Amino acid sequence: MSVEHWFIMSNDCPPTKQKNNLRPALVLGSGFHRHVFGSTDQWAINPLYDWHCLVGQVSRRLQVAVPSEVLSPVQRWETLVLRAVSERYKNHREQWVGEFTQQASVVENTARRVVANIIDEASQNYPQSTRAQIPLLDLWGAVISLNFDAAWLLKQFRQEKSEAKIRWEGSSKLSLREYKRLTHHLLMSGVEGGAYRRVWFPNGSSIAPETVRMGLHDYGTAPHSIQVAFSHLKKWERDNRSQGQIATCAAALREASEGVNNLPEFLGESPMPLSWVADFLYRPLIIAGVGLSDQESGLWWLLAQRARNIARAEAPANVYILVGEKDRPDFWRSKPFGIEPIVCGNWDEGWEKMLLKARNFSS
């Protein structure tokens, strides 16, 4: 029997308790790969979890001077793009491009392709251990991967052939690249009679190289796209409020994101504007392998909106994050926006505690 947790989905409605038995979403970061591979330092696989290594390998393939690691990875990315513009570089066709002959955006598109190639190479022969299969467990209703790969899916995935079912009116407010970052996904096997569940890629994926989010320019556009997706969801909520919002949101999200054909008839012709933001907003969240630094301003903004949504619901936030005991302990003890830290002394212990927490939602 599912744990009962309560959400209020619009500031316009009085607080009411309604049952929501959605499975949690796993928000996955690069620390997952460190857990899978253990204590190792292999040049071939490091790009999966070390952005400094990834930027260095991209620089070498473009034959651009490698930026200093004094800078953050996103700053190093911007530096390598500018160097390629002004100092020549070798493109993906192994052709030299002269200095000041291409715009930075063109160079960056080439660099994104190189990232995708490096990630795909690093993903070859990915382990099939029980650790590697954590995201595939029936515990999850969705996976939101902040990584560029889905190496753990192996051949068990298929790409959605058409995204027409999840488009929403007004997507022209976003660039095509940002729209794809919101809606691009892979499918994995479903649970409880469901045909599938979705794996989202807010930072882009190697399967769609144009979506890879690496530099300051890309991170600057993230908050706006998240806000646009959030606004569409809130409008959808208001349009359906007379039918009982919480039940409507849970049923619509389960039908859309878990492939269960049980959408109530009263939803009619008003489908949920589905994106990774919907799973992030409505489901319980378990965040693992993600540091949630200040750089992730878009995620923090969305966490704040989520907290506002349940502020009058007299309920826990149902957001948990796996952290090391020395990782900003004072900060996490403050439980920002109701986020509960799952504190561990070592990461093997931490991932076990995280899975125990996830199982509580299905017990």
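Residues numbered from 1 in each chain as written. Predicted model: local features only at pLDDT ≥ 70, side-chain atom pairs only at ≥ 80, totals over all residues. Heavy atoms only, no water.

### Brief notes about the confidence of the model for the chain
Point 1. Scored by pLDDT, the chain comes out at a mean of 84, with 83% of its residues at no less than 70.
Point 2. Under a pLDDT of 50 for its full length, residues 159-164 has, in the predicted model, 11 contacts with residues more than four places off or in other chains.
Point 3. Segment residues 261-269 is flagged for pLDDT under 50; beyond a separation of four residues in sequence, or across chains, it makes 14 contacts in the model. (pLDDT = per-residue confidence, 0-100. Contact = heavy atoms within 4.5 Å.)

### Describing the nonpolar core
Point 1. Core analysis: the biggest nonpolar cluster contains 58 residues, and Leu54, Val58, Trp140, Trp152 and Met354 have the highest contact counts within it.
Point 2. It is helix α4 (residues 104-122) that provides the largest number of residues to this core, a total of seven residues.
Point 3. Judged by nonpolar contacts, the second largest core, of 43 residues, contains Leu146, Ala256, Val277 and Phe280. (Core = buried A, V, L, I, M, F, W, Y, C linked by side-chain atoms within 4.5 Å. Buried < 20%, exposed > 50% of the residue type's maximum accessible area, 1.4 Å probe, protein only. Helix = DSSP H or I, 4+ residues; strand = E, 2+ residues; numbered from the N terminus.)

### Quick look at the pattern of salt bridges
Point 1. In the structure shown here, the tally under the stated rule is 15 salt bridges.
Point 2. Arg61 serves as the salt-bridge partner of Glu121, at 2.6 Å between the closest nitrogen and oxygen. Placement of the pair is Glu121 in helix α4 and Arg61 in helix α2 (residues 51-62), with a sequence separation of 60 residues.
Point 3. Overall, the relative accessible area of 44% leaves Glu121 in the partly exposed class.
Point 4. Of the charged contacts, one joins Arg328 and Asp327 as a salt bridge, the two residues approaching to 3.9 Å between their closest N and O atoms.
Point 5. What emerges from the salt-bridge pattern is a single network uniting Glu108, Arg112, Glu178, Arg181, Arg213 and Asp218. (Salt bridge = Lys/Arg side-chain N within 4 Å of Asp/Glu carboxyl O.)

### So, helix α11 (residues 347-359)
Point 1. Compared with an ideal rise of 1.5 Å per residue, which puts 13 residues at 18 Å, α11 spans 18 Å between its outermost C-alpha atoms and is within 8% of the ideal.
Point 2. Of all the residues in α11, the buried ones are Gly350, Trp351, Met354, Leu355 and Ala358. Projected onto a plane normal to the axis of α11, the buried residues spread over an arc of 135° and lie on a single side. In this structure, α11 carries Glu352 and Leu356 as exposed residues pointing more than 90 degrees from its buried face.
Point 3. Those residues of α11 that are buried lie in contact with β1 (25-28), α1 (31-37), β8 (285-288), β9 (319-324) and β10 (340-344).
Point 4. Two to three positions downstream of the cap, the backbone nitrogen of Asp348 sits 3.2 Å from a side-chain oxygen, assigning the N-cap of α11 to Asn346. (Expected span 1.5 Å × (residues − 1). Arc of directions from axis to C-beta. Polar contact = N/O pair within 3.5 Å; in protein donor to acceptor, adjacent residues only side chain to side chain.)

### As for the packing of helix α3 (residues 73-87) against helix α6 (residues 216-239)
Point 1. As a packed pair, α3 and α6 sit with axes 8 Å apart at the nearest point and diverge in direction by 125°. Overall, the two elements α3 and α6 adopt an arrangement that is oblique. Where α3 abuts α6, its residues Val74, Gln75 and Glu78 lie against Leu216, His217 and Tyr219.
Point 2. A per-class count over the contact of α3 with α6 returns three nonpolar, two polar and one charged. (Axes fitted to C-alpha atoms, helices over the stretch in contact; angles between N-to-C directions. Parallel < 35°, antiparallel > 145°, perpendicular 65-115°, else oblique. Nonpolar A, V, L, I, M, F, W, Y, C, P; charged D, E, K, R; others polar.)

### So, the packing of aromatic side chains
Aromatic ring pairs are reported here in terms of the distance separating the ring centres and the angle at which the planes meet.
Point 1. Tallying each qualifying case throughout the model produces 11 aromatic pairs.
Point 2. Note on Trp300 and Phe337: the rings are 6.0 Å apart at their centroids and 55° apart in plane angle, and the pair reads as tilted. Placement of Trp300 in helix α9 (residues 297-309) and of Phe337 in the loop between α10 (329-333) and β10 is noted, with a sequence separation of 37 residues between them.
Point 3. Its relative accessible area of 41% is what places Phe337 among the partly exposed residues.
Point 4. Here a set of aromatic residues connected by ring pairs shows up, and it is made of Trp300, Phe331, Trp332 and Phe337.
Point 5. Just above the ring of Phe331 sits the side chain of Arg328; from NZ or CZ to the centre is 4.5 Å. (Phe/Tyr/Trp six-rings, centres within 6.5 Å; stacked < 30°, edge-to-face > 60°. Lys NZ or Arg CZ within 6 Å of the ring centre and 35° of its normal.)

### A few points about the environment of Ile134
Point 1. If you trace the backbone, Ile134 turns up in the loop between α4 and β4 (142-145).
Point 2. Look at Ile134 and you get buried, because its relative accessible area is 5%.
Point 3. Counting along the chain gives 217 residues from Ile134 to Trp351, while the straight-line C-alpha distance between them is 9.5 Å.
Point 4. Apart from residues no more than four positions distant in its own chain, Ile134 is found in contact with Phe32, His35, Trp140, Trp351, Met354 and Leu355.

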